[in-house]
Amino acid sequence: MRIITTESYQEMSLEATKIVAGQVYLKPTSVLGLATGSTPEGLYDNLVAVHRTIGLDFSEVTTFNLDEYIGMAPENPQSYHYFMHKHFFDLVNVRPENIFIPDGCAEDVPAACKAYDKLIREKGGIDLQVLGIGRNAHIGFNEPDVKFEATTHKVKLDDETIQANARFFEDEEAVPRYAISMGIKTIMLARHVILLASGPEKAEAVKKAVCGSVSPAAPASILQLHQDVTVIVDREAASMLPEEYQHGAHEIF
Ligand code: F6R
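Cut-offs used in this document
- Residues numbered from 1 in each chain as written.
- Predicted model: local features only at pLDDT ≥ 70, side-chain atom pairs only at ≥ 80, totals over all residues.
- Heavy atoms only, no water.
- Pairing = 2+ DSSP bridges.
- Helix = DSSP H or I, 4+ residues; strand = E, 2+ residues; numbered from the N terminus.
- Axes fitted to C-alpha atoms, helices over the stretch in contact; angles between N-to-C directions.
- Phe/Tyr/Trp six-rings, centres within 6.5 Å; stacked < 30°, edge-to-face > 60°.
- Buried < 20%, exposed > 50% of the residue type's maximum accessible area, 1.4 Å probe, protein only.
- Expected span 1.5 Å × (residues − 1).
- Arc of directions from axis to C-beta.
- Contact = heavy atoms within 4.5 Å.

A separate point is the sheet that holds strand β8 (residues 178-181). Strands sit in the order β4-β8-β7 across an open sheet of three strands; the sheet is antiparallel. The open sheet is flanked by β4 (67-69) and β7 (153-156), the only strands paired with a single partner. Here the average twist between neighbouring strands, direction ignored, is 30°. Judged from the four bridges that link them, β7 and β8 form a sheet pairing that is antiparallel. Among the inter-strand pairings, Val-155 is bridged to a residue of β8, identified as Ala-179.

Here's what the structure looks like:
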């Protein structure tokens, strides 16, 4: 695990952009695992800018998103389908047939989850997985007390996650209670993972992810056992880490 602590959200996004853009340049047929939420918005803005200014080509890239709310139609503005098209897919040249997002309206959810993992395998596995982190240290929608061996599955959202995500809805009541999420095993099978975090409300989760004990109580802590993880945080999100990790880039282990 290596950690890059930046001075700002913009700098965090820039560091992540270098990694994702580098991945796509070096391997135009890359399979990317993508996250939604506020954290990667700057990354997507930058990738769109790199596509427009110097022609970063996404035409051979395949993408798999981490999660989608159950019962949420793709055209619903609160869906993760909608988010991804608005912030990224509609602004670059990823081919529609290469875009995969869990189907929140699937009639047979377990079958849809199984098919999703199968498709990831058939496409050669995820080369680079982008993650955000929840205040409760969730990754994807793998909430505390998750089973580390789970692949893509139906999850019940934690009260804390429902409260945090209420900002995107009219009120807390409107936040879906269930989602389909890649499981920890699916995430751990990615060849390279980048975890992004910004702001003081993520500081405790980042501390658990980077230097807490590896435990299902803090799902992101499993990343300590991944062979190639880069954690990119701003200073506020790094504020509860040991002093030496609060600036610059470090190889932790
Ligand atoms: C999103 C996802 C979640 C978010 C996390 C942080 O696809 O899987 O794990 O990354 O909830 O969300 P933000 O970035 O909105 O703070």
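The structure having been displayed, the exposition proceeds.
One pass over the structure, following the stated rule, counts nine aromatic pairs. Aromatic pair Tyr-69 and Phe-169: ring centres 5.7 Å apart, planes at 80°, arrangement edge-to-face. With Tyr-69 in strand β4 and Phe-169 in the loop between α5 (159-165) and β8, the pair connects residues that are 100 residues apart, well separated along the chain. Looking at Tyr-69, the relative accessible area reads 1%, which means it is buried. Classification of Phe-169 as buried rests on a relative accessible area of 10%. With a centroid separation of 6.0 Å and 20° between ring planes, the pair formed by Tyr-80 and Phe-141 is classed as stacked. Within this pair, whereas Tyr-80 is found in helix α3 (residues 80-87), its partner Phe-141 is found in the loop between β6 (128-131) and β7, the two being separated by 61 residues in sequence. Each member of the pair, Tyr-80 as well as Phe-141, carries the same accessibility label: buried. Aromatic rings pair up to connect Tyr-44, Phe-58, Phe-88 and Phe-89 into one cluster.

Attention shifts here to helix α4 (residues 109-122). Here α4 is 14 residues long and its end C-alpha atoms lie 20 Å apart, about the 20 Å a rise of 1.5 Å per residue gives. Listed in full, the buried residues belonging to α4 are Val-109, Cys-113, Tyr-116, Asp-117 and Ile-120. All buried residues of α4 project into a common sector of 90° when viewed along the axis, lining one side. Across α4 from its buried face, at more than 90 degrees, point the exposed residues Lys-114, Arg-121 and Glu-122. On its buried face, α4 sits against β3 (62-65), β5 (99-100), β7, β8 and α6 (184-188). Directly after α4, the chain includes Gly-124, whose backbone phi takes a positive value near 100°.

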